[in-house]
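Here is what each chain is made of, one letter per residue.
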Amino acid sequence: MTKPDMSKLASLSPFELKDELIKLASSDADRLMLNAGRGNPNFLATIPRHGFWQLGLFAMRESERSFSYMPEGVGGFPRREGIEERFDLFAREYADVPGVSFLAGAVSYVRDQLGLSAGDFLYEMCEGILACNYPVPDRMLKLSEVIVGQYIRKEMIGSHPFIGEFDLFAVEGGTAAMTYLFNSIRENHLLKAGDTIALGMPIFTPYIEIPELNDFKLVELSIDADPNERWQYSNKELDKLRDPKVKAFFLVNPSNPPSVRMSDESLEYLASIIEERPDLIILTDDVYGTFADNFVSLFAMCPKNTILVYSFSKYFGATGWRLGVIATHRDNVFDEKIAALPDAARKELHERYTSITTEPDKLKFIDRLVADSRTVALNHTAGLSTPQQVQMVLFSLFSLMDTPDSYKAAMKRLIRSRKAALYREIGIAPEADDPNAVDYYTLLDIEALGGKAIGPDFVKWVLSSVEPNELLFHLAEDAGVVLLPGRGFGTRHPSGRVSLANLNESDYAKIGRSIRKLFEEYVDKYNAATGNKANKHVVKK
Ligand SMILES: *Cc1c(COP(=O)(O)O)cnc(C)c1O
């Protein structure tokens with residue numbers, strides 16, 4: 001095995017570096033590779049999926065009854081009239097089949113708790129799951145938007161005061177949300193080349209990479225979370241947002257990779273900055289918000305300024321479905337900024353959207369996102385596929401009906417016991433319980449771990465004589481363990497990101513033991529190089 005060229009690898013994004021690590025880790029056929037580099041969860045929500053398949057069977061009955069039996073396999077559209085009664089019969093006939101009682105409960109929830117028409121709901125769901133019409137309205141199906149909106153309210157706003165309404169655009173996951181947003185923000189002159197944007201660091205790497213592309217050429221300014229303050233942003237860092245040169249603030253909350261949510265104090269402080277900076281654009285990616293209790297998004301705190309991105313991928317174990325939403329408040333700075341653009345830009349945008357509306361100047365930013373997502377001219381066939389919207393609605397209803405949040409509690413138990421197994425085997429106690437920790441990932445920071453176990457001199461030696469990625473390569477080559485480098489996400493210290501979502505508890509124990517072994521090897525090297533006699537067997541609390 002040839003040693004990888006460390007300097008060449010240093011320029012790779014963490015996701016590309018991961019591929020190199022996987023090559024090394026899987027080079028020994030007799031050994032099982034343990035890939036904790038992936039954010040893809042190894043669990044999934046079963047009940048709303050059962051609901052999806054049973055709804056599909058009901059919708060097929062609807063389709064086949066509307067064209068009295070044609071053996072060639074031709075069905076028709078479902079019929080609105082009497083659909084509720086026919087569903088009740090179906091639900092009673094198959095009451096014992098998994099998913100059916102969930103569906104029946106969902107129909108009553110929609111009718112009794114949300115005050116919507118059960119018949120309209122069933123019709124939208126049947127038409128949607130049969131996928132026999134283009135998505136209309138294109139931004140999101142009507143009742144689907146109301147129901148998913150309730151889910152977003154519950155999980156992202158909670159009991160926080162919130163005035164007014166917001167719109168949703170259903171998209172193909174957080175990935176599409178990001179692509180569409182960057183594109184429309186540029187097309188509508190909300191940001192232009194040379195503008196400065198602040199990034200809450202460390203951050204999901206594409207947020208660093210996309211603005212640097214030739215398409216955008218934005219200037220990046222870091223707002224650094226402090227590892228010594230449990231990865232919170234200090235007021236001093238947040239004060240950088242007071243500079244009017246900063247046009248936008250992009251953040252992931254709870255963060256990736258440290259996996260902590262912004263503290264209440266920081267949220268309040270940021271909200272007070274926004275009072276002074278009413279023009280600031282905020283984009284908050286709250287994909288991990290649902291793993292926290294009583295989560296409050298910046299979207300709840302500063303609704304006028306904030307674009308919310310949410311994905312169903314992680315929480316429901318549904319990365320293959322490609323489900324996400326973009327939310328904007330009906331009263332927002334994006335629409336205001338577009339209306340206040342210089343004449344030339346307004347004229348250009350008037351022309352851009354003139355083919356899809358008689359009043360292009362009044363087209364809301366969120367509807368521009370929809371149009372731009374299909375290069376404007378294909379706006380009439382825009383929108384997320386309707387079966388995707390149906391599954392999104394069932395995920396949302398599952399969470400809304402789940403009181404008192406037993407799915408969330410199960411999810412948290414799963415992740416926390418994996419974390420405990422990992423740290424137990426490394427032999428170092430994790431940080432004391434942090435109420436803001438979400439623990440979807442954990443960052444193994446060389447300075448923190450080495451300092452805790454051996455001391456500052458050891459840390460100094462490691463930082464000066466070991467390439468940051470060398471440790472990750474050793475873990476991959478010697479133990480078949482793959483972690484992602486924290487550096488690639490913009491952490492200041494060398495570190496490894498362990499996803500706690502995608503392996504089983506015994507695997508995390510094995511990873512912990514491999515890290516312990518590597519650690520002891522480096523203590524031996526340190527002792528040999530410096531003549532020190534550090535005890536590698538110390539276990540620190
Ligand atoms: C996983 C992830 C995404 C991508 O989500 P998809 O919905 O699967 O496209 C976006 N943002 C963050 C912070 C993520 O961790």
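Throughout what follows, the structure given in this document is the object of discussion. In this text the structure is predicted, and so the values were computed from the model without any measurement. (Residues numbered from 1 in each chain as written. Predicted model: local features only at pLDDT ≥ 70, side-chain atom pairs only at ≥ 80, totals over all residues. Heavy atoms only, no water.)

### Things to note about the overall build of the protein
This is how it is decided: Going along the chain from the N terminus, every DSSP run of H or I of four or more residues is numbered as a helix, and every run of E of two or more is numbered as a strand. The globule rule used for comparison is 2.2 Å times the number of residues to the exponent 0.38, while the radius of gyration itself is calculated over C-alpha atoms. For every residue, the accessible area obtained with a 1.4 Å probe (protein chains only) is divided by the maximum for its type, and the residue is called buried under 20%, exposed over 50%, and partly exposed between those limits. In what follows, residue pairs with any heavy atoms lying within 4.5 Å of each other are defined as contacts. Residue-level accessible areas treat just the shown protein chains as cover; the underlying method is Shrake-Rupley with a 1.4 Å probe. By the counting scheme adopted, Arg and Lys are positive, Glu and Asp are negative, and His together with the chain ends is not counted. By convention, the point assigned to a charge is CZ for Arg, NZ for Lys, CD for Glu and CG for Asp.
From N to C terminus, the protein includes 21 helices and 13 strands. For a compact globule of 541 residues, the expected C-alpha radius of gyration is about 24 Å, and the protein comes in at 26 Å, within 12% of that figure. When the backbone C-alpha atoms are referred to their principal axes, the protein occupies close to 85 × 65 × 45 Å. Looking at the 541 residues of the protein, the share that counts as buried comes to 56%. Residue pairs in contact within the protein that sit at least 24 positions apart in sequence constitute 74% of those at least 6 positions apart. A total accessible area of about 23,500 Å² is found for the protein, and carbon and sulfur atoms account for 53% of it. Side chains of the protein give 62 positive and 75 negative charges; the mean places of these two sets differ by 3 Å.

### Observations regarding the sheet that holds strand β13 (residues 495-499)
The following threshold applies: Here, a strand pair is defined by DSSP locating no fewer than two bridges between the strands.
The antiparallel open sheet is built from 3 strands, whose spatial order is β10-β13-β12. Strands with a single pairing partner mark the edges of an open sheet, and in this sheet they are β10 (441-445) and β12 (484-485). Two strands pair when backbone bridges link them, and β10 and β13 are joined in this way by 5 bridges, in the antiparallel orientation. Bridging from a neighbouring strand, Leu-444 pairs with Gly-496 of β13.

### Topic: a nonpolar patch on the surface
Using the following cut-off: Nonpolar side chains (Val, Leu, Ile, Met, Phe, Trp, Tyr) are joined into patches within 5 Å and like charges within 9 Å, using only residues with over 30% relative accessible area and no salt bridge. Within this document, salt bridges are pairs made up of a side-chain nitrogen of Lys or Arg and a carboxyl oxygen of Asp or Glu, the two lying within 4 Å of each other.
Nonpolar side chains collect at one region of the surface, where Phe-67, Met-70 and Val-74 lie side by side and expose about 230 Å² of accessible area between them. Along the chain, Phe-67 turns up in the loop between α3 (47-66) and α4 (83-93).

### Focus: the pattern of salt bridges
Once their charged atoms are close, side chains differing in charge can pair, the charge on each being opposite to the other. In the structure shown here, the tally under the stated rule is 37 salt bridges. The salt bridge involving Glu-237 is made with Lys-240; its shortest N-O contact spans 2.8 Å. Residue classification places Glu-237 among the buried positions, given a relative accessible area of 16%. Residue Lys-240 is classed as partly exposed on the basis of its relative accessible area, which comes to 29%. A salt bridge links Arg-416 to Asp-439; the nearest nitrogen and oxygen atoms lie 2.9 Å apart. Placement of the pair is Arg-416 in helix α17 (residues 406-426) and Asp-439 in the loop between α17 and β10, with a sequence separation of 23 residues.

### Some points on the sheet that holds strand β8 (residues 306-311)
Spelled out, the test is: The axes used here are C-alpha line fits, helices contributing only the stretch in contact, and every angle between their N-to-C directions lies in the interval 0 to 180 degrees.
Strand order in the open sheet formed by 8 strands is β2-β9-β8-β7-β6-β3-β4-β5, with mixed pairing between adjacent strands. Edge positions in the sheet fall to β2 (166-171) and β5 (232-233), since each of these pairs with one other strand and no more. Both strand β7 (residues 281-285) and β8 contribute to a ladder of 4 bridges, which runs parallel. Counted as the bridge partner of Ile-282 is Thr-306 from β8. Contacting β2, β8 and β9 (324-329), helix α7 (residues 142-157) crosses the sheet at an angle of about 105 degrees to β2.

### Regarding the site of the ligand
Using the following cut-off: One heavy atom within 4 Å of a molecule or strand makes the whole residue count as near it. Each polar contact in these results corresponds to two N or O atoms within 3.5 Å; when the atoms are within protein, one needs to be able to donate a hydrogen and the other to accept it, and residues that are neighboring in sequence are counted only if both atoms are side-chain atoms.
What surrounds the ligand is a group of 13 residues, the closest being Gly-174, Thr-175, Tyr-288, Ser-311 and Lys-314. The separation between an oxygen atom of the ligand and a polar side-chain atom of Asn-256 is 3.2 Å. Contact with the protein chains removes 93% of the 390 Å² of surface that the ligand exposes when unbound. The element contributing the most residues to the shell around the ligand is helix α8 (residues 173-187), with 3 residues.

### Some points on the packing of aromatic side chains
Spelled out, the test is: Pairing of aromatic rings covers Phe, Tyr and Trp, the last through its six-membered ring, and needs centres within 6.5 Å; plane angles under 30 degrees mean stacked, over 60 mean edge-to-face, and all others mean tilted. Whether a charge lies above a ring is judged from NZ of Lys or CZ of Arg, which has to be within 6 Å of the ring centre and within 35 degrees of the ring normal.
Under the counting rule described, the total for this entry stands at 39 aromatic pairs. With a centroid separation of 6.1 Å and 75 degrees between ring planes, the pair formed by Phe-15 and Phe-204 is classed as edge-to-face. One end of the pair, Phe-15, is in helix α2 (residues 14-25); the other, Phe-204, is in the loop between β3 (196-201) and α9 (206-212), with 189 residues separating them in the sequence. Overall, the relative accessible area of 25% leaves Phe-204 in the partly exposed class. When the ring centre of Tyr-522 is taken as origin, the NZ or CZ atom of Lys-525, which lies over that ring, is 4.3 Å away.

### Remarks on the packing of α8 against helix α15 (residues 365-373)
Filter applied, for reference: An angle counts as roughly parallel when it lies under 35 degrees, as roughly antiparallel when it exceeds 145, as roughly perpendicular when it falls between 65 and 115, and as oblique in every other case. As a working rule, the residues Ala, Val, Leu, Ile, Met, Phe, Trp, Tyr, Cys and Pro are called nonpolar, Asp, Glu, Lys and Arg charged, and the rest polar, with Gly in that last group.
Following both chains from N to C, one finds α8 and α15 inclined at 110 degrees, their axes separated by 9 Å at the closest point. One finds that α8 runs roughly perpendicular with respect to α15. Contact with α8, carried on its side by Tyr-180, Leu-181, Asn-183, Ser-184, Ile-185 and Glu-187, involves Phe-365, Arg-368, Leu-369, Asp-372 and Ser-373 of α15 and no other residues of that element. A class-by-class count of the residues in the contact of α8 with α15 yields 5 nonpolar, 3 polar and 3 charged.

### Examining α8
Note the cut-off: Residue count minus one, scaled by 1.5 Å, sets the expected span of a helix.
Taking 1.5 Å per residue as the helical rise, α8 with its 15 residues ought to reach 21 Å, and the 21 Å between its terminal C-alpha atoms agrees with that figure. Counting buried positions over the 15 residues of α8 gives 11, a clear majority of the element. Buried within α8 are the following residues: Gly-173, Gly-174, Ala-176, Ala-177, Met-178, Tyr-180, Leu-181, Phe-182, Asn-183, Ser-184 and Ile-185. Immediately downstream of α8, the backbone of His-189 shows phi near 60 degrees, a positive value.

### A few points about the pairing of strand β4 (residues 219-226)
Keep this limit in mind: Crossovers are marked right-handed if the path from the first strand over the helix to the second runs clockwise, as seen with the strands pointing away from the viewer.
As paired strands, β3 and β4 are joined by 6 bridges and run parallel to one another. What sits directly across from Leu-199, in β4, is Ser-222. Taking the sense of rotation as the criterion, the β-α-β connection linking β3, α9 and β4 turns out right-handed. Taken together, β4 and the strand that follows it, β5, pair antiparallel across an intervening segment of 5 residues, in which Arg-230 is found at a positive phi of about 50 degrees.

Geometric values such as these leave the question of function open.
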